[in-house]
Amino acid sequence: AVCLARALERRASRPWCVMLHDSCIHSKYTQLHPLQYGDDAYSIDLSVVDRLGKSGKSSARRSRDAAMSADRELASKIEQYFKAWNSRDLTALRALFDERVELHDWNVRVTGEDDVVKANAGIFDAFPNVCIVVRDTLVCVPKRAVTCEIEVHLKDAEDTKLTVVDVIRFTEANEICSVRAYKM
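On a predicted model such as this, the values are computed, not experimentally measured, just so you know. (Residues numbered from 1 in each chain as written. Predicted model: local features only at pLDDT ≥ 70, side-chain atom pairs only at ≥ 80, totals over all residues. Heavy atoms only, no water.)

### Some words on the sheet that holds strand β6 (residues 131-140)
Quick note on the threshold: We treat two strands as partners when DSSP finds at least two bridges between them. Runs of H or I in DSSP of at least four residues are treated as helices and runs of E of at least two as strands, each being numbered from the N terminus. Lines fitted to C-alpha atoms define the axes here, with helix axes fitted over just the stretch in contact, and angles between the N-to-C directions of these axes take values from 0 to 180 degrees. Residue contacts follow a heavy-atom distance rule, with two residues in contact if any of their heavy atoms lie within 4.5 Å.
The sheet built from 6 strands is open, its strands ordered β5-β4-β9-β8-β7-β6 with mixed pairing. Either end of the sheet is taken by a strand with one partner, and the two such strands are β5 (109-111) and β6. Across the sheet, the axes of successive neighbouring strands diverge by a mean angle of 20°, strand direction being ignored. Pairing of strand β4 (residues 97-104) with β5 involves 3 bridges; the strand directions are antiparallel. Pairing of His104 across the sheet is with Arg109, part of β5. Its contacts with the sheet put helix α4 (residues 113-126) on β4 and β5, and the angle it makes with β4 is roughly 50°.

### Concerning the pattern of salt bridges
Let me state the cut-off plainly: A pairing counts as a salt bridge when a side-chain nitrogen of Lys or Arg comes within 4 Å of a carboxyl oxygen of Asp or Glu. Accessibility here uses a 1.4 Å probe with only protein chains present; expressed as a share of the type maximum, an area under 20% marks a residue as buried, one over 50% as exposed, and anything in between as partly exposed.
Scanning the entire structure with this criterion turns up 7 salt bridges. Close ionic contact of Asp98 with Arg100 constitutes a salt bridge, the shortest N to O distance being 3.6 Å. With relative accessibility at 7%, the residue Asp98 sits in the buried group. Between Arg144 and Glu172 there is a salt bridge; the shortest N-O distance is 3.8 Å. Note that Arg144 is positioned in the loop between β6 and β7 (145-153) and Glu172 in the loop between β8 (161-170) and β9 (176-183), a separation of 28 residues in sequence. Accessibility expressed as a relative area gives 12% for Arg144, which makes it buried. Overlapping salt bridges bring together Arg94, Glu113 and Asp114 as one network.

Here it is, written out as C-alpha cells:
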C-alpha cells in the first residue's frame, strides 16, 4: 500500500518517495532501498513510478505472481518435510535434502546428507513415538527460508513436549540445505 505522507515524514531528505510493501514492488525499472524503520518497507523515486506505465504494472504483477508461486512451493516443501519426519520416512527425508545439508540443534551439529539422515534416525530410535505439530510458519521467499514454530511431542514416560523454532533454508532447486532448531 502506498503511504506518501509517512514516507515524507520519515524521509525528509528524499521528499518524493513512497512506501510500498516489498511484495508489491519487484521491478526491473528501479532500485529499491530499505528504509531505516522497517525491513519490509522500501523507498522508490516517484518519477520512476510515473514512468512505469502499463508495462511496469504488468512486470510488477508478474513478479508478485512469481513470488506467490515461490511462497507456495516452499510451503509445500515444508509440508512434505514434516509429513516425512512424522512418518519416520528416511528415504523421503533424504529426497528433500541437498547433498550438503546442515543440521544444527541444541544437541547435534552435522553436515552432509548421510549424517543428517543418521541424526534423524537416531532421534527416531531414541523416541520411537515422537511427532511434531506445526503451530505456525513464516515463508521468506527472498531468503529462501521458512521459519516454523513447532511442538515436539516426545511421547516418553514424562509426556515431554518441547517448543522449538526451526529455520529451514532452501537451495534454488528447492532442496533443504539447512535446518537450524532452537529450543524455546
